[in-house]
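Here is what each chain is made of, one letter per residue.
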Amino acid sequence: LFNLRIEKESFKECMKDSFDFEKNNYGNTIIKLPLFFVMAVARFNDRGEKNSKSIDVAFEVNMSDYVQGAGEYVLIGMTLHLGQSYSSGHYTAYVKSLLTKSFEWFYCDDNLITRIGSDDDLKKRDYRFRVNNLFYVKKEWLDDYLEKKSRESSLEKLSYSLQRIAVNELFS
């Protein structure tokens, strides 16, 4: 995911307490992934010193090699650490709003919230040296959420139109 190859067996061993597994003749198979997937980036060594290497952040992750069926995730947030060690520094975050139609990104720094824009706008920013945690949601859930919001929006428009027609009929 971050220019690293994760071997299937290593991944399964690391995640055995996080997922539902099915035992079969070929070993363990993940049968159900969680709705949210959080990836912690190992930024600090045992002495608390920070590794500030740049990483490539995947905006979409496909876990299908490790599970039965679809395992696609979409990035919806990330935390950043500004500072040299875990005992000092400042945390900020990028958050994708599910309330805006275009799913815009926002930068959160204490009580200051700044609109960033689209995925492409975020990709232009300098965050790769400070990423601490990545937050993903299942793409299937996000697609269902979008469809539901779209239906609700259509129903609201229809309801508003019917109300206007009714009011016009009453007063004409």
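Residues numbered from 1 in each chain as written. Predicted model: local features only at pLDDT ≥ 70, side-chain atom pairs only at ≥ 80, totals over all residues. Heavy atoms only, no water.

1. Describing the pattern of salt bridges
Note the following rule: Each salt bridge in this description consists of a side-chain nitrogen of Lys or Arg and a carboxyl oxygen of Asp or Glu lying within 4 Å of one another. For every residue, the accessible area obtained with a 1.4 Å probe (protein chains only) is divided by the maximum for its type, and the residue is called buried under 20%, exposed over 50%, and partly exposed between those limits.
If you walk through the whole model with that rule in mind, you get 4 salt bridges. With a closest N to O distance of 3.0 Å, Glu 49 and Arg 47 form a salt bridge. Judged by its relative accessible area of 66%, Arg 47 is exposed.

2. Some words on unusual backbone geometry
Heads up, the rule is: Only DSSP runs of H or I covering at least 4 residues are called helices, and only runs of E covering at least 2 are called strands; the numbering of each starts at the N terminus.
A positive phi angle is found at Asp 110, which is not glycine, with a value near 55 degrees. Considering the arrangement of structural elements, one finds Asp 110 in the loop between strand E7 (105-109) and strand E8 (112-117). Taking the relative accessible area as the measure of exposure, Asp 110 reaches 64% and is therefore exposed.

3. Points about the confidence of the model for the protein
Just so we agree on the cut-off: The score called pLDDT rates the predictor's confidence residue by residue, from a low of 0 to a high of 100. Residues count as neighbours in contact if any of their non-hydrogen atoms are within 4.5 Å of one another.
With 65% of its residues at a pLDDT of 70 or more, the protein shows a mean pLDDT of 76. Element-level pLDDT for the protein is lowest in strand E1 (residues 20-24), with a mean of 49, against a maximum mean of 93 in E7. For residues 1-8, every residue scores under 50 in pLDDT, and the model assigns this stretch 16 contacts once sequence neighbours within four places are set aside.

4. A short note on the pairing of E8
Here is the rule we go by: Pairs of strands are assigned from DSSP output, requiring at least two bridges between the strands.
As defined by bridge partners, E7 adjoins E8 across 5 bridges and the pair is classed as antiparallel. The residue of E8 that forms the bridge with Cys 108 is Ile 113. Turn length for the E7-E8 hairpin, with the two strands adjacent in sequence and antiparallel, is 2 residues, and the turn residue Asp 110 shows positive phi of about 55 degrees.

5. Some thoughts on the nonpolar core
The tendency in soluble globular proteins is for nonpolar side chains to be buried as a group. The test is simple: Definition of nonpolar core: a set of buried residues of the types Ala, Val, Leu, Ile, Met, Phe, Trp, Tyr and Cys, connected through side-chain atoms within 4.5 Å.
Residues Val 57, Met 78, Tyr 94, Tyr 127 and Val 131 are the most contacted members of the largest nonpolar core, which totals 24 residues. Where this core is concerned, the elements lending two or more residues are strand E3 (36-40), strand E5 (72-85), E7 and strand E9 (131-138). Here this core gets 4 residues from one element, more than from any other, and that element is E5. Not counting residues within four places of it along the chain, the set of residues in contact with Met 78 comprises Val 57, Thr 92, Ala 93, Tyr 94, Leu 122, Tyr 127, Val 131, Asn 133, Leu 134 and Phe 135.

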